[in-house]
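An overview of the molecular structure
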Amino acid sequence: MKILVTGGAGFIGSAVVRYLMSETDHEVLCVDKLTYAGNLESLSVVENNERYRFVQADICDQALLSKQFDEFCPDIIMHLAAESHVDRSIDGPSAFIETNIVGTYNLLEVSRKYFKWLCEENAEKAAAFKFHHISTDEVYGDLDDPEDLFSETTPYAPSSPYSASKASSDHLVRAWQRTFGLPTVITNCSNNYGPYHFPEKLIPLIILNALAGKPLPVYGDGSQIRDWLYVEDHAKALVEVALKGGTGETYNIGGHNEKKNIEVVFAICELLEELAPNKPSGVAYYKDLITYVDDRPGHDLRYAIDASKIQRELGWVPAETFDSGLRKTVKWYLNNERWWKRVLDGSYKGERLGVKR
Ligand code: NAD
């Protein structure tokens, strides 16, 4: 198979590309604009693989996308390119509308024309073609009832500009399936964590601030509940769906790991006490660095995923528990200082970039 991955230099996209290179024989074309979140150093282990190619391109540029489709002739599109940080969407929604909505529209249009050509020229390849749109559980809004779970039929009720833009893109994908017959599949996943995560997100931010003896910012009282999934489990689920998922289907993906944000922060502090006992001067315990800050506007309280459909239909279950995945993650950051130091000082881009939080 030839798989075109958009956003392959990001956190989850790079895990997908590394997985495809190490565990399958498929060819990959990675298409990424390389925004602040795109980092080719997350793909250094695959860069010399002859089944892998990279093109720097914006999904808002239809002409450039069409050229990539014509040259690569993909069998599957895995669409991960997005603006993904909720706080940034509150400070400046415009890039989220542009990439997540207009960019997805462009990709759908290019795919539709390409699929039409495939149907005329190569029926066998057309029969296998699939557009896999990667989305989030945040499109469902939040849950009041502690027993409730998001299922594939939960109505959409997004809260932030980020989740609203992702919800819009999901609707576009379903419309292109229904109206134009483009074979699509959508996945909605819970919060990911793991190696190569940009340090503006909660888990890497807490690890790196603790190691530097800086405050550990927790929104509100830290009682917001998220379901956490180790990124390599997500990458495996995505490849399963891309290869075997039913056309027109939606699959929720989750880790069965509901945790309050404050529990996550305490768990990281405990792991660091064990794995990095030499603390910065003046720090008695890492947990002493916890600092409660003003809550994010519109902050959703609880997300929780019912992932039984993907388990039942495709046999996917996560390999990591939250404890095993978090331990792996903390160890990865301790062993990969070069990667995150170059992100923090901006040298991965050749310039200094502010890490937000
Ligand atoms: P990320 O921010 O780490 O990576 C996004 C990638 O997209 C970057 O490499 C960036 O350079 C690229 N990109 C941004 N705008 C682009 C454009 N206009 N053209 C081409 N490339 C562009 O995001 P992530 O955490 O890896 O998330 C990937 C996808 O998974 C997103 O669609 C996100 O909504 C979804 N998702 C993320 C999570 C999570 O916990 N991180 C959970 C569920 C779903």
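First, a word on what this report is: a plain description of the structure on this page. (Residues numbered from 1 in each chain as written. Predicted model: local features only at pLDDT ≥ 70, side-chain atom pairs only at ≥ 80, totals over all residues. Heavy atoms only, no water.)

**Remarks on the sheet that holds strand 9 (residues 225-230)**
Counted only if it meets this: For two strands to be treated as a pair, DSSP must find no fewer than two bridges joining them. Secondary structure is summarised from DSSP: a helix means a run of H or I of at least four residues, a strand means a run of E of at least two, and numbering begins at the N terminus for each. Interaxial angle, 0 to 180 degrees, is taken between N-to-C directions of lines fitted to C-alpha atoms, where a helix line uses only the stretch in contact.
An order of 7-9-11 is seen for the three strands of this open sheet, with the pairing classed as mixed. Since the sheet does not close on itself, it has two edges, and those belong to strand 7 (191-193) and strand 11 (258-260), each with one partner. Going across the sheet, the axis of each strand differs from the next one's by a mean of 50°, ignoring polarity. In terms of strand pairing, strand 7 meets strand 9 through three bridges, oriented parallel. By the bridge assignment, N192 is partnered in strand 9 with L229.

**A short note on the nonpolar core**
Here is the rule we go by: What is meant by a nonpolar core is a set of buried Ala, Val, Leu, Ile, Met, Phe, Trp, Tyr and Cys residues, joined one to another through side-chain atoms within 4.5 Å. Burial classes: relative accessible area under 20% of the type maximum marks a residue as buried, over 50% as exposed, and values in between as partly exposed (1.4 Å probe, protein chains only). Only heavy atoms enter the contact rule, under which two residues are in contact if any of them lie within 4.5 Å.
Grouped together as the largest cluster of nonpolar side chains are 36 residues, with contacts concentrated most on V5, V16, V17, Y52, M78, I253 and I310. For this core, the secondary-structure elements that each account for two or more residues are strand 1 (2-6), helix 1 (11-23), strand 2 (27-32), strand 4 (76-79), strand 6 (184-189), helix 8 (231-244), strand 10 (250-253) and helix 10 (308-314). Excluding its chain neighbours within four sequence positions, the residues that come into contact with V17 are V5, G8, V28, L43, V46 and Y52. Judged by nonpolar contacts, the second largest core, of 35 residues, contains Y36, L208, I262 and L272.

**Quick notes on the site of the ligand**
Heads up, the condition is: Working definition: residue near molecule or strand if any one of its non-hydrogen atoms lies within 4 Å of it. Under this definition, polar contacts are N or O atom pairs within 3.5 Å; protein pairs additionally need one hydrogen-donor-capable and one acceptor-capable atom, and for neighbouring residues in sequence, both atoms have to be side-chain atoms. Only the protein chains shown count as cover for residues, and the accessible areas themselves come from Shrake-Rupley with a 1.4 Å probe. Following the grouping adopted for this structure description, the nonpolar residues are Ala, Val, Leu, Ile, Met, Phe, Trp, Tyr, Cys and Pro, the charged ones are Asp, Glu, Lys and Arg, and the polar ones are all others, Gly among them.
As a structural note, the neighbourhood of the ligand is formed by 29 residues, with I12, D32, S84, Y162 and K166 the closest of them. Contact between the ligand and T35: an oxygen atom at 3.0 Å from a main-chain N or O atom of the residue. Between D58 and the ligand, the recorded distance is 2.9 Å, taken from a side-chain N or O atom to a nitrogen atom. Relative to its free-state accessible area of 830 Å², the ligand is covered by the protein chains to the extent of 96%. Listed by contribution, the elements that provide at least two residues to the shell around the ligand are helix 1, strand 5 (130-136), helix 6 (161-180) and strand 7. Its residues placed into classes, the shell around the ligand shows 13 nonpolar, twelve polar and four charged.

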